[in-house]
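Results of the structural survey
Each chain, written out:
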Amino acid sequence: MSAELKLNSVNQIIKGTEIYTRGTAVTSMCLVVKGRIRITTEGVNVVAGSGNFLGLCDLAAGEYRVTYTADSDAVIYAFPAMGFNQAVRALIKVNKDYAALIYSTLGKYIRELSRIYDDMGSTAAKVYDFIKYADENYKDIASKAGISLKKTDITEGLRPYESRETYGIDADKVLYYKACCNVPPEVQKAFVNVNPVIPAYHIVDEVAIINTLISQCVSDASYIRELAGFLIKNDDSLFKSVFELAKTMKSRGIVIKEAVSLFDGIIDNVNLLENLLYDKACIDLEVDHGYMEEAYFTLISSNSKKEEEDSTEEEEETADVSVLNGSFGVILDYSGVDEEMANQFRGFMEQFAQLKDKMATDDVARKIRQGLLKNYYNIYRGVFLRDYESGEET
């Protein structure tokens, strides 16, 4: 659903409505009077509240660089599109309170974008180092097991983090505007109202920084997608390669403890990238968790398929479902995950149970299912490993 805005007027916006769409020509800009607006593109996921001017940063480009969607029911006031510098001067002139408002909200936008940039940068560097380590470890495990690898260049084309496209972010200016966010509103207002030249200069500077940060976040998200390919998405990914190696070792009676440990590390890094991109960059990696769990179980399970089927048939004949009362809490406790993760998972499970259509495709249902998937593997692994290492018959 797209919004049809009335210019120079207040507009009521229903939750989920796209106000402006990335890549379309700038037709207007607007002030958020009430509500929350989600600002997204592949690499950016930020929520803006009342007082933010949507579309102001897009005027210079002539098209919206991000998509603005109502994250709640909202009220906005739409202004006609005009040249960027003209718009800044006009807004300051039409209402003196707009100067401090724009200066303040743009500073907060810089702060949120810089957090995304920092998180993606630190994670990308960490995962790159892991991939290099995992590749060498994978070859070493195969060599010690006396197994010849069909493909030894699975990380061919892997680029270091420093080689990604960069846009020259001025770190000092970013720090300056982040620091300005902590200045009391009344002090900011007194400062920018001294002379219209002051807010005009800062607003132009802030918008330039914001557009640079957006470009950098988009570039970094693309690079992180590449890393995900080497980890699990490519046909010859580390995940698939280590899995096949471990299966071969297991079939030959070779101890696979080291291979499973490496496999664990790959899964941890896949989850790290998946959560980062979904939360910070509005990207769903669409990882097949069912396949991941099946592969992991294949490696650490010692039972044959026939034994499992016989065991299942026997259990079905004698099962007493009353013993499952309260089992969800028991499983969470047994998994050993921290309290925050357990409570988060419990919350998503309760929301999922209340869904009338468990497979609905709307945003609410999708976010609930994604929330479950984010932590499911950690809980599953915690339970399985604790049971596996206990030596008890269960």
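Everything quoted here is computed from the prediction, not taken from an experiment. (Residues numbered from 1 in each chain as written. Predicted model: local features only at pLDDT ≥ 70, side-chain atom pairs only at ≥ 80, totals over all residues. Heavy atoms only, no water.)

Close approach of charged atoms allows side chains of opposite charge to pair. Counted according to the given criterion, the structure contains 16 salt bridges. We note a salt bridge from Asp-135 to Lys-139, for which the minimum N-O separation is 3.4 Å. Here the residue Asp-135 and the residue Lys-139 both occupy positions in helix 2 (residues 96-145), the gap between them amounting to 4 residues, near one helical turn. Residue Lys-139 is classed as partly exposed on the basis of its relative accessible area of 29%. Put simply, Arg-36, Arg-38 and Asp-71 are held in one network by salt bridges that share partners. (Salt bridge = Lys/Arg side-chain N within 4 Å of Asp/Glu carboxyl O. Helix = DSSP H or I, 4+ residues; strand = E, 2+ residues; numbered from the N terminus. Buried < 20%, exposed > 50% of the residue type's maximum accessible area, 1.4 Å probe, protein only.)

Turning our eyes to something else, we now look at the sheet that holds strand 7 (residues 67-70). One key point about sheets: their strands pair by backbone hydrogen bonds, in either a parallel or an antiparallel sense. The strand order across the open sheet formed by 4 strands is 2-7-4-5, and the pairing between neighbours is antiparallel. Each end of this open sheet is capped by a strand with a single partner; those strands are strand 2 (18-20) and strand 5 (44-48). Each neighbouring strand pair of the sheet contributes to a mean axis angle of 25 degrees, computed without reference to strand direction. Pairing geometry for strand 4 (residues 37-41) and strand 5, over 5 bridges, is antiparallel. From the neighbouring strand, Ile-37 faces strand 5, where its bridge partner is Ala-48. This element, helix 7 (residues 257-281), spans strand 4 and strand 5 of the sheet and lies at about 40 degrees to strand 5. (Pairing = 2+ DSSP bridges. Axes fitted to C-alpha atoms, helices over the stretch in contact; angles between N-to-C directions. Contact = heavy atoms within 4.5 Å.)

So, about unusual backbone geometry. Phi at Asn-8 takes a positive value of approximately 55 degrees, unusual for a residue other than glycine. Residue placement: Asn-8 occurs in the segment before strand 1 (9-13).

As a packed pair, helix 10 (residues 327-335) and helix 11 (residues 339-354) sit with axes 11 Å apart at the nearest point and diverge in direction by 150 degrees. When the axis of helix 10 is compared with that of helix 11, the two are roughly antiparallel. Relative to helix 11, helix 10 is oriented so that their crossing is right-handed. Between helix 10, through Phe-328, Gly-329 and Leu-332, and helix 11, the contact on the second element is made entirely by Ala-342, Phe-345, Arg-346 and Met-349. Across the contact of helix 10 with helix 11, the residue classes tally to 5 nonpolar, 1 polar and 1 charged. (Parallel < 35°, antiparallel > 145°, perpendicular 65-115°, else oblique. Left-handed = near helix turned anticlockwise from the far one by under 90°. Nonpolar A, V, L, I, M, F, W, Y, C, P; charged D, E, K, R; others polar.)

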